[in-house]
Amino acid sequence: MQRTVKPEWLDDLPADDPRARRSRRDLQRINAVMMNSALVARELRRAFPRQPPRLIAEIGAGDGQFMLQVAHRSPQWAALQLLLIDRLNLFDGGINAKFRESGWRTEAVTLDVNDWLAQTTPLIPDVIVANLFLHHFDTRGLSELLLRISQRTRVLIACEPRRSPVALAGSRLLGIAGCNDVTRHDAVVSVRAGFVGRELSDLWPDPACWTLREDRYGLFSHYFVAIKTP
Ligand SMILES: C[S@@+](CC[C@H](N)C(=O)[O-])C[C@H]1O[C@@H](n2cnc3c(N)ncnc32)[C@H](O)[C@@H]1O
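Just so it is clear, the structure is predicted and the values come from calculations on it, not from any experiment. (Residues numbered from 1 in each chain as written. Predicted model: local features only at pLDDT ≥ 70, side-chain atom pairs only at ≥ 80, totals over all residues. Heavy atoms only, no water.)

A. Structural detail: empty space enclosed by the protein. According to the stated counting rule, one finds one cavity of 30 Å³ or more in the structure shown. Estimated volume of the largest cavity: approximately 50 Å³. Looking at the largest cavity, the residues that line it are Gly62, Leu84, Asp86, Leu88, Asn89, Leu90, Phe91, Ala108, Val109 and Thr110. Mapped onto the lining of the largest cavity, the elements with two or more residues apiece are strand 2 (80-86) and strand 3 (104-110). Top element by residues in the lining of the largest cavity is strand 3. It accounts for three residues. Counted by class, the lining of the largest cavity contains six nonpolar, three polar and one charged residues. (1 Å grid on protein atoms, 1.4 Å probe; cavity = no way out; pocket = protein on both sides within 12 Å on 5 of 7 lines; lining within 4 Å. Points joined across faces, edges and corners; volume = space filled by probe spheres on them. Helix = DSSP H or I, 4+ residues; strand = E, 2+ residues; numbered from the N terminus. Nonpolar A, V, L, I, M, F, W, Y, C, P; charged D, E, K, R; others polar.)

Here it is as structure tokens:
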């Protein structure tokens with residue numbers, strides 16, 4: 001299957017559109033089926049076996065529900081700060097209290113990811129997380145994004161749709177699970193824009209200075225982890 005990147009409906013709907021809200025709730029269920037939060041929590045523990053991360057940034061964070069699931073699956077890391085970056089303001093302040101139960105302090109940043117990465121800031125995340133986000137970019141945009149990420153952090157953990165017949169078949173069955181038209185459309189588009197093989201590793205800049213892992217995860221996901229060699 002050739003990789004194709006097409007616009008997703010959710011990205012064009014206003015944040016408070018009822019169909020968009022419903023689709024974001026669908027996304028929580030899809031994330032649960034894909035088990036992506038378990039993968040990200042596992043890779044966080046692996047990347048930080050002794051010294052916990054102080055600052056985590058999720059790019060394309062949506063409403064923050066995904067990272068809340070990651071927080072629930074992670075050790076109680078003291079003084080951990082989480083930046084949730086999304087170009088839409090989707091953050092409901094009520095979620096802060098839920099993160100605090102895991103010891104995580106959160107801050108929502110409403111910015112395009114490229115504008116955030118271009119900012120001159122003393123905030124250097126120990127790790128950047130991307131879930132169901134990198135597939136939004138075509139090869140050129142992705143190369144530029146990965147370059148900026150590599151200049152901003154020492155660890156990237158990404159979990160994306162797998163571009164496979166099984167994942168495509170799964171995305172076409174979402175109507176049975178009660179997902180709405182936006183979710184059903186975007187799921188198929190996302191799988192076609194997903195990844196296989198070493199497609200993300202091949203776009204990563206300066207691979208000699210990084211340890212890269214990339215593989216399938218479960219039936220529907222594809223993960224990529226980049227850790228800078230000390
Ligand atoms: C499929 S959703 C995933 C949300 C979340 N990571 C999750 O797993 O629930 C993709 C998110 O990326 C955001 N997004 C898309 N393009 C973006 C960009 N260029 N900069 C920042 N956020 C972007 C969208 O607003 C949307 O919330």
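B. Here's a closer look at the site of the ligand. Close contacts around the ligand come from 19 residues, with Glu58, Gly60, Asp86, Val113 and Asn131 the closest. In this structure, arginine 87 approaches the ligand through a main-chain N or O atom, which is 3.2 Å from a nitrogen atom. Valine 113 is positioned with one of its backbone polar atoms (N or O) 2.9 Å from a nitrogen atom of the ligand. Within the complex, the protein chains bury 93% of what would otherwise be the 600 Å² of accessible surface of the ligand. (Near = heavy atom within 4 Å. Polar contact = N/O pair within 3.5 Å; in protein donor to acceptor, adjacent residues only side chain to side chain. Areas by Shrake-Rupley, 256 points an atom, 1.4 Å probe, with all protein chains shown as cover.)

C. Focus on the environment of phenylalanine 137. Along the chain, phenylalanine 137 turns up in the loop between strand 4 (127-131) and helix 7 (139-152). Overall, phenylalanine 137 belongs to the buried group, its relative accessible area being 17%. The sequence separation of phenylalanine 137 and cysteine 159 amounts to 22 residues, and the corresponding C-alpha distance is 14 Å. Excluding its chain neighbours within four sequence positions, the residues that come into contact with phenylalanine 137 are Arg3, Val5, Val113, Asn114, Leu142 and Leu145. (Buried < 20%, exposed > 50% of the residue type's maximum accessible area, 1.4 Å probe, protein only. Contact = heavy atoms within 4.5 Å.)

D. Looking closely at the pattern of salt bridges. Considering all chains together, one arrives at nine salt bridges under this definition. The salt bridge partner of arginine 213 is glutamate 43, with a shortest N-O separation of 2.6 Å. Residue arginine 213 is located in strand 6 (residues 210-217), and its partner glutamate 43 is located in helix 3 (residues 36-47); the two are separated by 170 residues in the primary sequence. Close ionic contact of arginine 163 with glutamate 199 constitutes a salt bridge, the shortest N to O distance being 2.9 Å. Taken together, the positions of arginine 163 in the loop between strand 5 (155-161) and helix 8 (165-172) and glutamate 199 in helix 10 (residues 199-203) put the pair 36 residues apart, joining distant regions of the chain. Take arginine 163: its relative accessible area is 8%, and that puts it in the buried class. Given a relative accessible area of 26%, glutamate 199 falls into the partly exposed group. In this structure, a network of salt bridges that share partners links the residues Arg42, Glu43, Arg46 and Arg213. (Salt bridge = Lys/Arg side-chain N within 4 Å of Asp/Glu carboxyl O.)

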